Amino acid sequence: EAAVTQSPRSKVAVTGGKVTLSCHQTNNHDYMYWYRQDTGHGLRLIHYSYVADSTEKGDIPDGYKASRPSQENFSLILELASLSQTAVYFCASRYRGLSSYEQYFGPGTRLTVL
Amino acid sequence: QQNVQQSPESLIVPEGARTSLNCTFSDSASQYFWWYRQHSGKAPKALMSIFSNGEKEEGRFTIHLNKASLHFSLHIRDSQPSDSALYLCAGIASSSFSKLVFGQGTSLSVVP
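What comes next is a walk through the structure.

What counts and how
Residues numbered from 1 in each chain as written. Chains lettered and ligands numbered in written order. Predicted model: local features only at pLDDT ≥ 70, side-chain atom pairs only at ≥ 80, totals over all residues. Heavy atoms only, no water. Contact = heavy atoms within 4.5 Å. Buried area = accessible area lost by both parts, 1.4 Å probe. Salt bridge = Lys/Arg side-chain N within 4 Å of Asp/Glu carboxyl O. Polar contact = N/O pair within 3.5 Å; in protein donor to acceptor, adjacent residues only side chain to side chain. Helix = DSSP H or I, 4+ residues; strand = E, 2+ residues; numbered from the N terminus. Nonpolar A, V, L, I, M, F, W, Y, C, P; charged D, E, K, R; others polar. Buried < 20%, exposed > 50% of the residue type's maximum accessible area, 1.4 Å probe, protein only. Core = buried A, V, L, I, M, F, W, Y, C linked by side-chain atoms within 4.5 Å.

Examining the interface of chain A and chain B
Here is step 1 of the chain: Contacts between the two partners involve 22 residues from chain A and, on the opposite side, 21 residues from chain B.
Here is step 2 of the chain: Each partner contributes to the roughly 1700 Å² buried at the junction of chain A and chain B, and carbon and sulfur atoms together form 55% of this total.
Here is step 3 of the chain: The largest contributions to the chain A side of the interface with chain B come from A:Leu43, A:Tyr101 and A:Phe105, which together make up 31% of the buried area.
Here is step 4 of the chain: Across the contact surface, chain A and chain B share 1 salt bridge.
Here is step 5 of the chain: Our enumeration of links across chain A and chain B arrives at 6 residue pairs in polar contact (both at pLDDT 80 or more).
Here is step 6 of the chain: Of all elements in the fold, only strand 4 (31-37), strand 5 (43-51) and strand 9 (87-94) of chain A reach the threshold of two or more residues within the side of chain A that touches chain B.
Here is step 7 of the chain: Its residues assigned to classes, the side of chain A that touches chain B comprises 10 nonpolar, 8 polar and 4 charged.

A look at the pattern of salt bridges
A side chain of one charge can pair with a side chain of the opposite charge if their charged atoms are brought near each other.
Residue and element names in this part refer to chain B.
Here is step 1 of the chain: Tallying each qualifying case throughout the model produces 7 salt bridges over all chains.
Here is step 2 of the chain: Notably, a salt bridge pairs Asp-83 with Arg-60, separated by 2.8 Å at the nearest N-O pair. Here Asp-83, found in the loop between strand 8 (71-76) and strand 9 (85-93), pairs with Arg-60, found in the loop between strand 6 (54-58) and strand 7 (61-66); they are 23 residues apart in sequence, far enough to count as distant.
Here is step 3 of the chain: Residue classification places Asp-83 among the buried positions, given a relative accessible area of 1%.

Brief notes about the nonpolar core
Here is step 1 of the chain: B:Trp35, B:Leu47, B:Phe61, B:Ile63, B:Phe72, B:Leu74 and B:Tyr87 are the most contacted members of the largest nonpolar core, which has 24 residues in total.
Here is step 2 of the chain: When contributions to this core are tallied by element, the ones reaching two or more residues are strand 3 (19-25), strand 4 (33-38), strand 5 (45-50), strand 7, strand 8, strand 9 and strand 11 (106-111) of chain B.
Here is step 3 of the chain: Top element by residues in this core is strand 9 of chain B. It accounts for 4 residues.
Here is step 4 of the chain: Ignoring sequence-local partners within four residues, the contact set of B:Ile63 consists of B:Trp35, B:Met48, B:Ser49, B:Ile50, B:Gly54, B:Glu55, B:Lys56, B:Phe72, B:Ser73 and B:Leu74.
Here is step 5 of the chain: If you look at the next biggest cluster of nonpolar residues, it comprises 20 residues, including A:Val88, B:Trp34, B:Tyr36 and B:Ile92.

This is the structure in structure tokens:
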């Protein structure tokens, strides 16, 4: 079973503060993804990466940065946290091969911005 | 840009019922479709996928894809309380095979 871990599992941040969410995978997967989940919106893609030291914008990148320092680690950075960024954030990874697009998700980080 | 819409938003069914969840997508060139299941407070987990038109059955679960009508569905036979979860359909964006586009989800409750 593929393993994706996230830290912290929950966080309370103040408006305007900096927040870093971390993701670690031991699957030797090439792709890593950051999603946010809000009630009624399913999962929306923020940033993703297919190789270390490179990141790509997803569908809702504004207000977020991403960093992929190694194949195993992928971080999501909120430089100036805002109330609207309160959500649950999921990290996922998948193998590069075209035969399977299955993404394996971490347990999520619940972020509350006050 | 792929757009995925699910219906209904929520559903309550009795134990033992047959349940049908629906998904429509906008990109007819999209090639791969998934159903994910997410139990409350847990991570989404892949349930089933399909690449070509037709049906696929695994145990009590059947998925059906019709690219011509842009329709994708999940059917659960003999629904159980343990099936209660948020069900998310997703399709590969034809503009980028790296990305999955998810629907907003259907919340299913199976009551004993």
